[in-house]
Amino acid sequence: MNRSRRRARGLADRRRIQRLFVVAGALVFITAACGTSPSETVASRPGQFRLDEWSIGADRPTLSAGRQTITAVNLGRQTHELVIVKAANAGSLPTKADGSVDEAQLERVKVGELADVASGASKHKVLDLAPGAYVAFCNIVGGMGADGGMMGGMNHVHFADGMHTTFTVTA
Ligand SMILES: [Cu+2]
């Protein structure tokens, strides 16, 4: 390859990068201009948990004991999950070196799990809940995947990043 062609290719690359930044900037603008967030368009209901990067919100802080439908709705862009254990708070859960919850140590207090809820999807399961304090968390560890946008390639420990919440079951 001669020198001028190499220079031309370098310029083309630079132009392509500039175009990417313009597209990324426009996407940020569109997201910011969007008035209603997806979390506002999903009706609130007992036993429903909203999963997002990087938080979990419970529609109700308190549920009645007995058989309850637990719903995990993924309002984020990544796949999330909802693990439910009988525990006082997130800080009391045993963790591994990477900061994720050591679920092997929680087998006796684990109540249920809604695994692999895809972006925009929801899953539900009926759980028989005894009175007490509960923690709901996402224990996925992984990268952002191909559709991770500007954060592509970053590894996330979802629990350590804040994907947990508490709720109470009353008799
Ligand atoms: Cu998650």
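Treat the numbers as computed from the prediction; the structure is a model and nothing was measured.

Thresholds, definitions, all that
Here the residue numbering is sequential within each chain, running from 1 through the sequence in written order. The model is predicted, so local features are restricted to residues of pLDDT at least 70 and side-chain atom pairs to those at 80 or more, both for listing and for counting; the totals for chains, interfaces and linings are taken over all residues. By definition, a nonpolar core groups buried Ala, Val, Leu, Ile, Met, Phe, Trp, Tyr and Cys residues that connect through C-beta atoms lying within 7 Å of each other. With C-beta atoms placed from the backbone, a residue is buried if 20 or more other C-beta atoms are within 10 Å of its own, exposed if 12 or fewer are, and partly exposed between those counts. What counts as a contact here is a pair of residues whose C-beta atoms, placed from the backbone, lie within 7 Å. Helix numbering and strand numbering both begin at the N terminus, where a helix is a DSSP run of H or I of at least 4 residues and a strand a DSSP run of E of at least 2. Every residue gets a pLDDT, meaning the predictor's confidence in that residue, from 0 to 100. For two strands to be treated as a pair, DSSP must find no fewer than two bridges joining them. Between N-to-C directions, angles cover 0 to 180 degrees, with each direction set by a line fitted to C-alpha atoms, over the stretch in contact for helices.

(A) Main features of the nonpolar core. Among the nonpolar cores identified, the biggest contains 28 residues, and Leu51, Leu82, Ile84, Val135, Ala136, Phe137 and Cys138 are the most heavily contacted of them. Discounting residues that sit within four places of it in the chain, Ala136 has contacts with Phe49, Ile56, Ala58, Leu82, Ile84, His164, Thr165 and Phe167.

(B) How the structure looks around unusual backbone geometry. Residue Trp54 is reached from Glu53 by a cis peptide bond, and omega for that bond is 0 degrees. By the element assignment, Trp54 lies in the loop between β1 (48–52) and β2 (55–58). In the Ramachandran plot, Asp116 falls in the positive-phi region, its phi being about 45 degrees despite a non-glycine side chain. Residue placement: Asp116 occurs in strand β6 (residues 110–117). Residue class for Asp116 comes out exposed when judged on the 12 C-beta atoms lying within 10 Å of it.

(C) Representation of the confidence of the model for the chain. For the chain, mean pLDDT is 84; residues scoring 70 or higher make up 70% of the total. In this model, residues 27–32 is a region of pLDDT below 50 whose contacts with residues beyond four sequence positions or in other chains number 0 contacts.

(D) View of the sheet that holds β6. Spatially, β3-β11-β8-β5-β6 is the arrangement adopted by the 5 strands of the open sheet, whose pairing is mixed. Each edge of the open sheet is held by one strand with a lone partner, namely β3 (62–64) and β6. This sheet shows a mean twist of 25 degrees between the axes of neighbouring strands, independent of strand direction. Bridge count for strand β8 (residues 132–137) against strand β11 (residues 164–170) is 6 bridges, and the pairing is antiparallel. Opposite Tyr134, over in β11, you have Phe167 as the bridge partner.

(E) Spotlight on the sheet that holds strand β7 (residues 122–129). Pairing is mixed in the open sheet, where 4 strands are placed in the order β2-β1-β4-β7. With one partner strand each, in any of the chains shown, β2 and β7 form the two edges of the open sheet. Averaged over all neighbouring strand pairs, the angle between strand axes comes to 20 degrees, with direction disregarded.

(F) Representation of the environment of Asn74. Along the polypeptide, Asn74 turns up in strand β4 (residues 66–74). Note on Asn74: 25 C-beta atoms within 10 Å, which makes it buried. C-alpha of Asn74 to C-alpha of Phe49: the two residues are 25 residues apart in sequence and 8.5 Å apart in space. Other than its neighbours up to four places away in sequence, Asn74 contacts Leu51, His80, Val117, Ala118, Ser119, Gly120, Ala121 and Ser122.

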